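Understanding the architecture of this molecule
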Amino acid sequence: MIDSIAGGNLVSLATLSQRAIVEVLDTAESFVEVNSRAVKKVPALKGKVIASLFFEESTRTRLSFETAAKRLSADVLSLAVASSSVKKGESLRDTINTIDALGIDAVVMRHSSSGAPVQVSRYVPHVRVINAGDGQHQHPTQGLLDAFTVRQVLAARAGTSGRESGSELFAGLKVLIVGDIRHSRVARSDIEVYTRLGAHVTVAAPGTLLPSDIAQWPVTVATNFDEALATADVVGLLRLQKERGSGAFVPSLGEFTSTYGLTARRAKLLRPEAIIMHPGPMNRGVEIDSQVADSSAAVIEQQVRNGVPVRMAVLYLTTAGATLESDPND
Amino acid sequence: MTNSTLVIRGGLIVGPLESFVGDVLIADGRIVEVGPGITAPSGAVEIDAAGCWVGPGFVDLHTHLREPGKESAETIETGAFAAALGGYSAVVAMPNTEPALDSVAMVGYVLERGKSAAVDVAVAGAITVGRQGSQMAPIAKLAALGVRLFTDDGNGVQDAGLMRRALTYAQPLGVTLAQHCEDESLAQGGSMHEGASSSKLGLTGRPAIAEELMVMRDIELVRLTGCSMHFLHLSTERSIALVIEARAQGLPVTCEVAPHHLTLDETACETFDPEFKVHPPLRTASDVAALRAALRAGAIDAVATDHAPHTPESKDMAFDEAPPGMLGLEQAAGLTLEALGGAGADPQVFFNVLSRGPARVAQLREQDVRVGHSAHGGAVTVGEDANLVVFDPNASYVVDRDSLASRARNTPYHGRTIHGRARATVVRGRLIQLEGIIQ
């Protein structure tokens, strides 16, 4: 286990200790304030060059990362590789070497193939690599911002700050993750982060959308979705890729909604203080009903908002190579 | 050099029935004398084999030579050099070239090019045209050319009805169909074994059942048709058990395992290094143990390399985009020795799985003038074609991908210490490799 991502890479949450995770959350908390300033900028990464390398298009995550980098005063190279080198058949190694030759300190990368950021970290060991989502493997910053959001909500309720609470608020917390666990990088990162912080994770999905070795995962598989909803503190929904519902993994999207969708009827089973989360983009009417998504229990916009300070924290820790002891706001 | 005289001195001569220390005198392509203290004619090249095992040259049932079509990865010439360094005197070239070896012209091309290679090159023909799995290739015409093995390797023949017809058609021709057992509907385009590692890594898995179901299906088709069948690169405990059971029932089935399935498991893929991507995939540690146990027990007919050269640029792709396959010829014998228990292994079993077994499966035990190959996998006795290897079970070396004879570099063993190395390889009486150097 790695005890700090300072000066290192962030490709997976599987190898991060609780200490490393809490360090990111605490660092992010100190950046929340920056985002509410009139001048939303600190010089922490001034002079650093961060390449934003999205082999798979994702407007939301790319904008979140680029906003985070700019608020830290880094120079951002935004490269639309999805439409250039890959189509010309260039190897991953050649692509990253070309970009490295431009002079970069870090690369934020998304790729449709699991493990591509791990490979890149071998090709350019002197460049910090931040995984912005790889295939069905990991989406570390999503897991971190989800945990950050949960801690923020629970800390506010408890009248404390997240930073003061550390990981305490997660002890025994019941987190229910629903939907396409099998193909989801978000589920893999969420399960790592929540279990490491001390929460108890239950998953609910049709058998075809669970990994074949789910029995070996550190989670409970819900046998009754409605009962699991009734006891959950946090419900994390996952986007169901439309093609998974075309008969390949579930008979139809409609059948998925009726069995595992968070419909308005099912939302009534939830405890009043339950928190509803979704990494977006939502398929309204498939995994979540519109009225549930727009209800006060849902913190979906708060998740998006928190993406920026969490990614600032990740970029700061990895790329500045410093920790909170040196003031990021100087 | 062809007619040179060689003496192999003081090695343990490993016959099929007994082993003894002695010398072997080779002249005019044949073994002319075997025994202790042979007096060599003047001018004979002496090879010191003290501490080494001397036996029939290895035969690889499963070599991808990439020619024609992918000469940037390997050629018949460079693949044969790799084979010679590995101790092989003959290889069977797989037909998944571009175009595939599915016609008299293509098979003839490779046989002709193979005649000038360092080792004997036999050819496996495709079962179906273009290995597309829809229309039978000209199996009878190719059999008349001397082809003895047919396979769509790279793919299994997915259509059971077509496989039945191919077996029925092939049966009276005295040839063997060889299957790459993976049901694609279950393998789902995956890139590693389906299990704990794939699940953690988020890589689509190729489950064991994809292989085992096709093994089951084909055993039943053999029972129905009576055609002999060879199962390529079996990788799971259950697959091996199925073949052992079928053989016990008297069915004409044989099987091979690959060195990587004997020495690496699924966890190697956790590095996301495409050098560990191969079909069938690296399995679980318990499969590896089961394969080793079956190998030691003599239940496996052959260790076959599935030597699959790929260019560096193709292996520098993402894991799921990179092509499957790894190099095998130069390290296979050492890895086989490791799987058999190291230098204390039974040399008879060692030569059975690397030479005699595969030569029998490929029908290379007898000379075949049509395809121009000599006899392989025989006894080390007077009159036999001199296809021999001097193998040092105590030599060790560190694999360096940049110093391989193969044109490609995609070995998963870079940096690994291998125990056991072919000190010399003799093909048709000619010393073609000595101490790791092509002669």
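Up top is the structure these notes are about.
1. Examining the overall build of chain A
Across its full length, chain A carries twelve helices and nine strands. Since a compact globule built from 330 residues should have a radius of gyration of about 20 Å, the 19 Å found for chain A is in line with a globular shape. Taken over the C-alpha atoms alone, chain A extends approximately 55 × 50 × 35 Å along its principal axes. Looking at the 330 residues of chain A, the share that counts as buried comes to 59%. Of all intrachain contacts in chain A linking residues separated by at least 6 positions in sequence, the fraction that spans at least 24 positions is 74%. Carbon together with sulfur atoms contributes 51% to the accessible area of chain A, which is approximately 12700 Å² in total. In chain A, 34 side chains carry a positive charge and 34 a negative one; their mean positions are 4 Å apart.

2. Here we look at empty space enclosed by the protein
Residue and element names in this part refer to chain B. Taken as a whole and judged by the stated rule, the model has six cavities of 30 Å³ or more. Volume-wise, the largest cavity comes out at about 110 Å³. If you go around the largest cavity, you meet 14 residues; those closest to its centre are Ala122, Val123, Gly146, Val147 and Arg148. In terms of residue class, the lining of the largest cavity is made up of nine nonpolar, three polar and two charged.

3. Digging into the packing of aromatic side chains
Each aromatic ring pair is characterised by the separation of its centres together with the angle its planes make. Taken as a whole and assessed by the stated rule, the structure comprises eleven aromatic pairs over all chains. For the pair B:Phe58 and B:Phe350, a centre-to-centre distance of 5.6 Å together with 85° between the ring planes defines the contact as edge-to-face. One end of the pair, B:Phe58, is in strand β6 (residues 58–63); the other, B:Phe350, is in helix α13 (residues 347–361), and 292 residues separate them in sequence. Here B:Phe350 falls in the buried class, since its relative accessible area comes to 0%. Look at B:Phe58 and B:Phe351: their rings are 5.9 Å apart centre to centre, the planes differ by 35°, and that puts the pair in the tilted class. Taken together, the residues span a long stretch of sequence, with B:Phe58 in strand β6 and B:Phe351 in helix α13 at a distance of 293 residues. Like B:Phe58, the residue B:Phe351 is buried in the burial classification. Within the aromatic cluster, the residues linked to one another by ring pairs are B:Trp53, B:Phe58, B:Tyr88, B:Phe350, B:Phe351 and B:Phe391. Over the aromatic face of A:Phe65 sits the side chain of A:Arg311, whose NZ or CZ is 4.9 Å from the ring centroid.

Thresholds, definitions, all that
- Residues numbered from 1 in each chain as written.
- Chains lettered and ligands numbered in written order.
- Predicted model: local features only at pLDDT ≥ 70, side-chain atom pairs only at ≥ 80, totals over all residues.
- Heavy atoms only, no water.
- Helix = DSSP H or I, 4+ residues; strand = E, 2+ residues; numbered from the N terminus.
- Rg over C-alpha atoms; globule rule 2.2 N^0.38 Å.
- Buried < 20%, exposed > 50% of the residue type's maximum accessible area, 1.4 Å probe, protein only.
- Contact = heavy atoms within 4.5 Å.
- Areas by Shrake-Rupley, 256 points an atom, 1.4 Å probe, with all protein chains shown as cover.
- Lys, Arg positive; Asp, Glu negative; His and termini not counted.
- Charge placed at Lys NZ, Arg CZ, Asp CG, Glu CD.
- 1 Å grid on protein atoms, 1.4 Å probe; cavity = no way out; pocket = protein on both sides within 12 Å on 5 of 7 lines; lining within 4 Å.
- Points joined across faces, edges and corners; volume = space filled by probe spheres on them.
- Nonpolar A, V, L, I, M, F, W, Y, C, P; charged D, E, K, R; others polar.
- Phe/Tyr/Trp six-rings, centres within 6.5 Å; stacked < 30°, edge-to-face > 60°.
- Lys NZ or Arg CZ within 6 Å of the ring centre and 35° of its normal.

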